[in-house]
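Each chain, letter by letter, is given below.
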Amino acid sequence: MANKQYPFLSLAAVNAPLMDEIARAVERVVRSGRYVGGPEVDTFERALAEFAGTRYAVGCANGLDALRLIFRAYIELGQLHPGDEVIVPANTYIASILAVTDCGLTPVPVEPDTRTLNLDTALLRQAITPRTRAILTVHLYGRCCFDAAMQAVARDHHLLIVEDNAQAIGARCPLTGGRTGSLGHAAAFSFYPTKNLGAMGDAGAVTTDDQALAAAVRAIANYGSDRRYHNIYQGLNSRLDPVQAAILNVKLPHVEAENAHRQAIAEVYEQHITHPAITRPLWSADGSMVWHQYVIQCDDRDRLRQLLADAGVATDIHYATPPHRQPCYSRRWSPLSLPVTDHVARTVVSLPISSAVSLADAAEIAAIINSINLSSDD
Ligand SMILES: *Cc1c(COP(=O)(O)O)cnc(C)c1O
């Protein structure tokens with residue numbers, strides 16, 4: 001008989017408890033005849049701003065666009081200029097970096113802290129040059145990356161702080177008590193289906209307290225027009241689809257429950273995974289980590305993944321090839337040595353974690369992991 005299978009992430013199972021409500025919300029949009037903008041988008045923008053704790057939220061087409069729109073808007077407003085340097089984490093999903101280079105800005109990668117895997121804020125000062133204008137902080141795997149050191153460097157050098165909050169909706173900053181998305185000058189959200197708050201297609205948003213920035217983002221996302229047929233910027237078309245907004249309006253009130261369940265799974269893994277060849281992620285129970293991914297590290301990563309797959313446990317890697325090793329950046333970053341990032345990329349393994357994984361499943365997965373024999377040659 002086949003073993004029990006533990007999928008890495010079943011989105012149908014994640015969305016199953018809300019499926020009827022989601023279907024009614026989608027039908028409402030379909031029957032309304034209003035297919036761009038409209039009340040679902042307005043409602044979601046208000047709800048997201050309130051959730052994040054910012055004055056403004058502007059929906060857009062996806063998380064990468066949310067980041068691009070922020071940088072474009074700062075350029076249009078004269079607060080950033082092409083060629084300016086933006087400090088970025090070397091260990092991140094490539095979309096963070098694509099947004100910077102797409103806007104003609106220069107990414108300056110900083111190595112991660114080996115425990116948090118987020119940008120090591122102790123290395124920020126040595127990355128500053130006369131051209132540094134901003135820090136793009138990425139709350140990777142759901143862990144808030146904003147501390148007193150980052151705050152001090154930004155203050156001393158008059159830097160903008162842009163948050164890539166694609167993975168950390170609902171996380172709280174231990175320093176300020178505020179939620180991610182409200183910590184810097186502007187923040188990008190992604191509602192890609194696998195995120196903790198996932199739509200059923202692409203969707204994103206920008207949050208900020210800055211009225212001028214919010215207005216510029218909204219205009220650039222709508223062909224650069226501030227009013228109909230009046231184009232003040234050479235803009236894009238990147239709007240939040242009302243069908244996705246309606247789905248997000250159903251799901252946003254449940255995101256804290258989703259995050260709480262992920263925290264409970266992480267606690268099971270934290271208490272039960274004892275394999276000597278595996279390093280568990282830095283434990284956090286203060287709400288500063290919403291466990292978008294539960295990332296363990298193992299020197300024999302590929303063999304571990306194969307043996308887990310054989311035992312029915314699907315895993316994933318976030319991310320096997322860091323941005324500076326991608327072909328599109330190989331020329332720009334060829335003289336760069338980022339050994340910590342390279343080591344992370346060689347050792348990370350993501351375990352199943354979502355509301356579709358039960359606590360009993362998590363305990364079973366931990367037991368399977370502990371039973372893996374990495375030393376045998378067979
Ligand atoms: C998902 C993600 C993005 C991009 O969001 P999309 O909606 O897929 O465009 C950007 N940054 C990080 C860290 C992400 O995880």
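Rules and cut-offs
Residues numbered from 1 in each chain as written. Predicted model: local features only at pLDDT ≥ 70, side-chain atom pairs only at ≥ 80, totals over all residues. Heavy atoms only, no water. Patch = residues over 30% accessible without salt bridge, like charges linked within 9 Å, V, L, I, M, F, W, Y side chains within 5 Å. Areas by Shrake-Rupley, 256 points an atom, 1.4 Å probe, with all protein chains shown as cover. Salt bridge = Lys/Arg side-chain N within 4 Å of Asp/Glu carboxyl O. Helix = DSSP H or I, 4+ residues; strand = E, 2+ residues; numbered from the N terminus. Disulfide = S-S within 2.5 Å. Buried < 20%, exposed > 50% of the residue type's maximum accessible area, 1.4 Å probe, protein only. Pairing = 2+ DSSP bridges. Axes fitted to C-alpha atoms, helices over the stretch in contact; angles between N-to-C directions. Contact = heavy atoms within 4.5 Å. Near = heavy atom within 4 Å. Polar contact = N/O pair within 3.5 Å; in protein donor to acceptor, adjacent residues only side chain to side chain. Nonpolar A, V, L, I, M, F, W, Y, C, P; charged D, E, K, R; others polar. Domains from an automatic or database assignment. Buried area = accessible area lost by both parts, 1.4 Å probe.

**Digging into a nonpolar patch on the surface**
Working step 1: Nonpolar side chains collect at one region of the surface, where Val30, Tyr35 and Val36 lie side by side and expose about 290 Å² of accessible area between them.
Working step 2: Locating tyrosine 35 in the fold gives a position in the loop between α2 (19–32) and α3 (39–52).

**Concerning the state of the cysteines**
Working step 1: A complete count under the given rule lists zero disulfides for this structure.
Working step 2: Here cysteine 144 stays unpaired: no disulfide links it, and the sulfur of cysteine 173, its closest cysteine neighbor, is 4.2 Å away.
Working step 3: Since its relative accessible area comes to 12%, cysteine 144 is described here as buried.
Working step 4: With relative accessibility at 2%, the residue cysteine 173 sits in the buried group.

**Re the pairing of strand β10 (residues 294–297)**
For a regular strand, side-chain orientation follows a simple rule: the groups alternate between the two sheet faces.
Working step 1: What you see with β10 is no split at all: Tyr294 and Ile296 on one side and Val295 and Gln297 on the other are buried throughout.
Working step 2: As paired strands, β10 and strand β11 (residues 348–351) are joined by four bridges and run antiparallel to one another. Note that in β11 the partner of glutamine 297 across the bridge is valine 348.

**Regarding the sheet that holds strand β4 (residues 132–138)**
Working step 1: On the basis of which strands lie adjacent, the open sheet formed by seven strands has the order β1-β7-β6-β5-β4-β2-β3 and mixed pairing. The open sheet has two edge strands with one neighbour each: β1 (56–60) and β3 (106–110). Looking at each pair of strands side by side, their axes are set apart by 20° on average, direction ignored.
Working step 2: Across five bridges, β4 lies against strand β5 (residues 160–164) in parallel orientation. Among the inter-strand pairings, isoleucine 135 is bridged to a residue of β5, identified as isoleucine 161.
Working step 3: Here helix α8 (residues 211–220) sits on the sheet and contacts β1, β6 (186–190) and β7 (204–208); the angle it forms with β1, its principal contact strand, is near 15°.

**Digging into the site of the ligand**
Working step 1: In the vicinity of the ligand, 13 residues are found, and the nearest of them are Gly63, Asp164, Gln167, Ser190 and Lys195.
Working step 2: Separating an oxygen atom of the ligand from a backbone N or O atom of leucine 64 is a distance of 2.9 Å.
Working step 3: A distance of 2.6 Å is found between an oxygen atom of the ligand and a side-chain nitrogen or oxygen belonging to lysine 195.
Working step 4: Protein coverage of the free-state accessible area of the ligand, which is 380 Å², stands at 91%.
Working step 5: Broken down by secondary-structure element, the contributors of at least two residues to the shell around the ligand are α4 (63–76) and α5 (94–102).
Working step 6: Considered class by class, the residues forming the shell around the ligand number six nonpolar, five polar and two charged.

**What about the domain arrangement of the protein chain?**
Working step 1: As far as domains go, the protein chain holds domain 1 (13–111 + 119–253) and domain 2 (254–371).
Working step 2: One C-alpha centre belongs to domain 1, the other to domain 2; they are set 24 Å apart.
Working step 3: Taken together, the contacts link 38 residues of domain 1 with 37 residues of domain 2.
Working step 4: Taken over both partners, the interface formed by domain 1 and domain 2 buries close to 3,000 Å², and the fraction arising from carbon and sulfur atoms is 59%.
Working step 5: Linking domain 1 to domain 2 there are one salt bridge.
Working step 6: In this structure, the salt-bridge partner of arginine 179 is glutamate 256, at a minimum N-O distance of 2.9 Å.
Working step 7: Taken together, the links from domain 1 to domain 2 amount to 23 residue pairs in polar contact (both at pLDDT 80 or more).

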